[in-house]
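# Survey of secondary and tertiary structure
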Amino acid sequence: MKLPVSLTLRLSLLFAGATACVLLVSGLLFERAVEKQFHKHDMEEMNGKMDMVREVLSNKTSYESIKALNPQLRYAIVAGHPDMTITVVDNHGTLLFSVGQEKMVKLLLDGSGVTKTQPVTLSLDNHTFRIATDSLELGIPSSRPANVAISLDITSDQEFIEDFKMFLWIGIGGCTLVMGVLGWMAVRRGLLPLKHVSTMLADISTHRLDNPILISEIPRELQELISAFNKMLARLNCAFQRLSEFSSDIAHELNMPINNMMVQTQVTLSCEREAMDYRTNLQSNLEELERLSRMVSDMLFLAMADNGLIVPTREVIYLHAEMVKLFDFYDALVGERGVQLHVSGAATIVGNRLMIQRALSNLLSNAIRFTPEGMAVDVTISEDMDNAMITIENPGQEIPAEHLPKIFERFYRADPSRREGDTENVGLGLTITKSIVEIHGGTISAKSEKGRTCFTIMLPQHGLN
Ligand SMILES: Nc1ncnc2c1ncn2[C@@H]1O[C@H](COP(=O)(O)OP(=O)(O)OP(=O)(O)O)[C@@H](O)[C@H]1O
Ligand SMILES: [Mg+2]
C-alpha cells in the first residue's frame, strides 16, 4: 500500500529541489562564463605574441637572418611568459625559429594534435597546453608563407577552474541542504493554522453539529474548504436531527400498540375468565399486531426507497381504469360514509402498477376519510405532451397552512386529536405516496383552501413510445 507522504516533507523536498535546480543552472552558467573568460584571455595573449613574431620576421629578408636571430630578441618575444613556446616553420617543414621548452618545440614540429583551424589543448608531462596556429608572410622576397604555432601552458588555469568547480558543486550541495532544512522549518510554521483547524474539527461532536467553524479565524486559502465543510456540517445536522426525530417518533408509535396489548393482556390474566374473554383479548391483540406489522412494512418500504433500492417495473398503466378499480375497492366504505366519488379524464403512464395503485389509494382513502357526509370526492385526470396529471380533491376541514409543508413527513398528522390514540392511521400514507411518485420521476403537491383540499400528482410520460 502506498503510504501518504507528509505535506511538510513534500513541500520541503519541492523547495529544496527548486533551489537545487536554480543553483545548478546558475552554477553551470557561471562555470561556462569563467572558462570562456580564461579562454579569451589566453587567446588575446597568444594573438599578441603572434603579432610580435609576425612583426619581427617580416623585417628579415633572408632565412639566414631569421636563424641568426639575436637570442635576446627571441626571449624578449616570450618575456613574462615562461610557459609559452613558439615555433615557425617554412612551407617545407624546416624549423626557422623557435623559443620555449624543447619538448614542446618537438611536439609542435610533429604537428600531432594540432589543427590549423582552431586552437586546441593537449597534455604533456601532466601539463595542459593551449595551442594556436597561423600562417605568416616572411620579409624574404618570393618566399611562401611560413607556419607559426604557439603553445601556452594553462595548467594553473585548469587547476583553478577545477578547484572553482569543486567549490561550486560543494556550495550548491550545501545550499540545497540548508534550503531543504529552512524550507522544512518554514513549511512547519506555515502549516500551523492547519493544526489549529484540525483541533477545531476534532472538537466537533454530534452535540455540536449546529456550531459551524468561524471562517474569519481561518487563513484565506482554507476558507473555501472550511465553508464547504460547514455546508456539509449543516446537511449532516439536518439529517441527524431528522434521524433522531424519526427514532423518537418510531419509538412513540411502536410504544402505543405494544402498551395497549400489554395492558389488555395483564387485565385479562388478572383473574379467571370465560373462554370468550380470552378470544376477545386475542382478537384485540391481533388488531394491534396487524397495525404494527403494517407500520413495519411501511417503514421498510420507505427505508428501501430512501436508499434507492426500489426500481419500478415498467408497464403501461391506464389511470382512469385504475381509478375505477379503486372506486370499486372503496365502494363499501363510501356507502357507509355517504360520500360520492367522481372521476373524469384519462391518461396513460409507464410504471409499476402496484406502487401507483398504492399511491392513489392512500390519497383516495384520506380524501374519503375527510369528506363530510353527502359530499363528493372529485378525481380529475389529464395529460399533455410530457406529463400525466391527477388531482384528488375533497371538501372538508382544511389543513392549516402551517401544517401543509409538513404533511409529507413521516408520522405527521395535521389533526392534533388524531396524533394520540389513533389506532387506524399512523401518518405514513403521504410519505409513501411521495416516495412512490418520486421513484417514478414525478412530483406531488398539496393545496388546502376555501374548504377544499386538493392533492396533485404530476408523472412524466417518457418511455411511453
Ligand atoms: N384529504 C385530506 N383532507 C384533510 N387532511 C388531510 C387529507 N389528506 C391528509 N390529510 C392530513 O395529512 C395527515 C397525513 O396523512 P397521511 O396519509 O400521511 O397519514 P394518515 O392518513 O394519518 O395515516 P396513514 O395514511 O398512515 O394511515 C393526515 O393525518 C391528515 O391530518
Ligand atoms: Mg393516509
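Predicted model only: the values in this text are computed from it and were never measured.

What follows concerns the site of ligand 1. By nearness alone, 20 residues border ligand 1, and Asn366, Arg369, Gly427, Leu428 and Leu430 come closest of all. Between Val426 and ligand 1, the recorded distance is 3.4 Å, taken from a backbone N or O atom to an oxygen atom. The backbone of Leu430 places a nitrogen or oxygen atom 2.8 Å from an oxygen atom of ligand 1. Burial of ligand 1 by the protein amounts to 96% of the accessible area it has alone, namely 600 Å². When each cavity is represented as a set of grid points, ligand 1 is found to reside in the largest pocket. Put simply, the parts of the chain that give the shell around ligand 1 at least two residues each are helix H11 (353-370), helix H13 (429-439) and strand S12 (452-460). The dominant element in the shell around ligand 1, judged by the number of residues it contributes, is H11, at 4 residues. When the residues that make up the shell around ligand 1 are grouped by side-chain class, the tally is 10 nonpolar, 7 polar and 3 charged.

In this section: the domain arrangement of the chain. Taken as a whole, the chain is organised into domain 1 (7-166), domain 2 (216-306) and domain 3 (315-460). Relative placement of domain 1 and domain 2: their C-alpha centres are 100 Å apart.

A few words now on a nonpolar patch on the surface. A cluster of nonpolar side chains, contributed by Leu24, Val25, Leu28, Leu29 and Trp169, occupies part of the molecular surface with about 470 Å² of accessible area. Along the chain, Leu29 turns up in helix H1 (residues 7-58).

Before going further, it helps to examine the layout of surface pockets. By volume, the largest pocket amounts to about 1,400 Å³. As for the largest pocket, its lining consists of 47 residues, and the residues nearest its centre are Ser365, Asn366, Arg369, Phe370 and Asn425. The biggest single contributor to the lining of the largest pocket is H11, with 10 residues. A breakdown of the residues in the lining of the largest pocket according to their chemical character gives 19 nonpolar, 14 polar and 14 charged. Of the domains in this structure, domain 2 (216-306) and domain 3 (315-460) are the two that each give at least three residues to the lining of the largest pocket. Quantified by volume, the second largest pocket comes out at close to 770 Å³. Surrounding the second largest pocket, 27 residues form its lining, Arg242, Phe246, Glu409, Arg410 and Thr431 being those nearest its centre. Looking at the lining of the second largest pocket, the elements that each hand over two or more residues are helix H7 (220-269), helix H8 (275-306) and H13. Per element, the largest residue contribution to the lining of the second largest pocket is 8 residues, and it comes from H7.

Parameters and conventions
Residues numbered from 1 in each chain as written. Chains lettered and ligands numbered in written order. Predicted model: local features only at pLDDT ≥ 70, side-chain atom pairs only at ≥ 80, totals over all residues. Heavy atoms only, no water. Near = heavy atom within 4 Å. Polar contact = N/O pair within 3.5 Å; in protein donor to acceptor, adjacent residues only side chain to side chain. Areas by Shrake-Rupley, 256 points an atom, 1.4 Å probe, with all protein chains shown as cover. 1 Å grid on protein atoms, 1.4 Å probe; cavity = no way out; pocket = protein on both sides within 12 Å on 5 of 7 lines; lining within 4 Å. Sits in = over half its atoms within 2 Å of the grid points. Helix = DSSP H or I, 4+ residues; strand = E, 2+ residues; numbered from the N terminus. Nonpolar A, V, L, I, M, F, W, Y, C, P; charged D, E, K, R; others polar. Domains from an automatic or database assignment. Patch = residues over 30% accessible without salt bridge, like charges linked within 9 Å, V, L, I, M, F, W, Y side chains within 5 Å. Salt bridge = Lys/Arg side-chain N within 4 Å of Asp/Glu carboxyl O. Points joined across faces, edges and corners; volume = space filled by probe spheres on them.

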